[in-house]
Amino acid sequence: MREGIKTVSEALRARFDQIAQLSAREVSFDSLNPEYQRLRSALIDAQAEEARLSARRSSLEARIAQVDARIAVLKARLAKAQMESDEANQALELAKNTYLALVQKKTDLQIELSSTQNSLTQVIAPAYPIYQPISPKRLLIALGALVLGFLAALLWVFLAEALRGEPRLKPGVAGGEA
């Protein structure tokens, strides 16, 4: 589009230069001269076209400047978004690696746990329910109390004897002979 405007502008400029190069003797200021009228009309048209194209060119250059500014803003936003995307991708990759490491560790621990359970504990006999009531064995308790009571009495006798303090008689010595 810029090149088209430039080409038209150059053509008009060439035509304007051609009109300007006419010498004074070639152009008489006679308003009746048809060549003069034609060239004057062409000059006015060319000047008007040049002014219109110049205004159009200025507006297009202003629009191009606005578009260039918008492109610069978008490039900056794109660079920022790309940087944020890279950071997010790095964080995602780190999270994936951490997750995979934790899953691997979990699997390793499950394998270790299952192998440890099988080697340390073995079921010797299966469990079965007891259908009889369980209560204290009264006969066993009474017998234990009787034996402990007898032992306590025997201990009492030995202590009483030891604390009494009377001299003992020696075997083989009669009562009054000393």
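Computed from a prediction, not measured in an experiment: that's the story for all the values here. (Residues numbered from 1 in each chain as written. Predicted model: local features only at pLDDT ≥ 70, side-chain atom pairs only at ≥ 80, totals over all residues. Heavy atoms only, no water.)

Some points on the overall build of the protein chain
In terms of regular secondary structure, the protein chain is built from 3 helices and 0 strands. Reading the protein chain from its N end, one meets helices and strands in the order α-α-α. Counting over 178 residues, the protein chain shows a buried share of 6%. Working note: accessible area of the protein chain is about 16,500 Å², and carbon and sulfur atoms make up 63% of it. (Helix = DSSP H or I, 4+ residues; strand = E, 2+ residues; numbered from the N terminus. Buried < 20%, exposed > 50% of the residue type's maximum accessible area, 1.4 Å probe, protein only. Areas by Shrake-Rupley, 256 points an atom, 1.4 Å probe, with all protein chains shown as cover.)

So, empty space enclosed by the protein
What the rule picks out here adds up to 1 cavity of 30 Å³ or more. If you trace the largest cavity, you find it lined by S9, L12, R13, F16, A46 and E50. For the lining of the largest cavity, the elements supplying multiple residues, two or more each, are α1 (2-20) and α2 (34-120). In terms of residues, the lining of the largest cavity owes the most to one element, α1, which gives 4 residues. When its residues are assigned to classes, the lining of the largest cavity shows 3 nonpolar, 1 polar and 2 charged. (1 Å grid on protein atoms, 1.4 Å probe; cavity = no way out; pocket = protein on both sides within 12 Å on 5 of 7 lines; lining within 4 Å. Points joined across faces, edges and corners; volume = space filled by probe spheres on them. Nonpolar A, V, L, I, M, F, W, Y, C, P; charged D, E, K, R; others polar.)

Thoughts on the pattern of salt bridges
Applying the stated criterion across every chain yields a total of 4 salt bridges. A salt bridge links R38 to E35, with the shortest nitrogen-to-oxygen separation between them at 2.6 Å. Of the two residues, R38 and E35 are both situated in helix α2; the distance of 3 residues between them amounts to about one turn of the helix. Between R52 and E49 there is a salt bridge, with the nearest N and O atoms lying 2.5 Å from each other. (Salt bridge = Lys/Arg side-chain N within 4 Å of Asp/Glu carboxyl O.)

A few points about the confidence of the model for the protein chain
Summary statistics for the protein chain give a mean pLDDT of 83 and a share of 81% for residues scoring 70 or more. Ranking the elements of the protein chain by mean pLDDT puts α1 last, at 75, and helix α3 (residues 138-164) first, at 94. (pLDDT = per-residue confidence, 0-100.)

Concerning the UniProt feature "transmembrane region" (unreviewed entry) in the protein chain
The positions UniProt marks with the feature "transmembrane region" (unreviewed entry) are residues 139-159. Helix makes up 100% of residues 139-159 and strand 0%, whereas the separation of the span's terminal C-alpha atoms amounts to 30 Å. (UniProt positions renumbered as here; feature names shortened; annotations may be inferred.)

Some remarks on a nonpolar patch on the surface
Taken together, the side chains of L143, L146, V147, L148, F150, L151, L154 and F158 present a nonpolar region at the surface, about 870 Å² in accessible area. Inspection of the secondary structure assignment puts L143 in helix α3. (Patch = residues over 30% accessible without salt bridge, like charges linked within 9 Å, V, L, I, M, F, W, Y side chains within 5 Å.)

Looking at α3
The terminal C-alpha atoms of α3, which comprises 27 residues, lie 39 Å apart, in line with the 39 Å expected from a rise of 1.5 Å per residue. Of all 27 residues in α3, 0 are buried, a share of ten percent or less. Trailing α3 by a residue or two, G165 shows a phi angle of about 80°, which is positive. (Expected span 1.5 Å × (residues − 1).)

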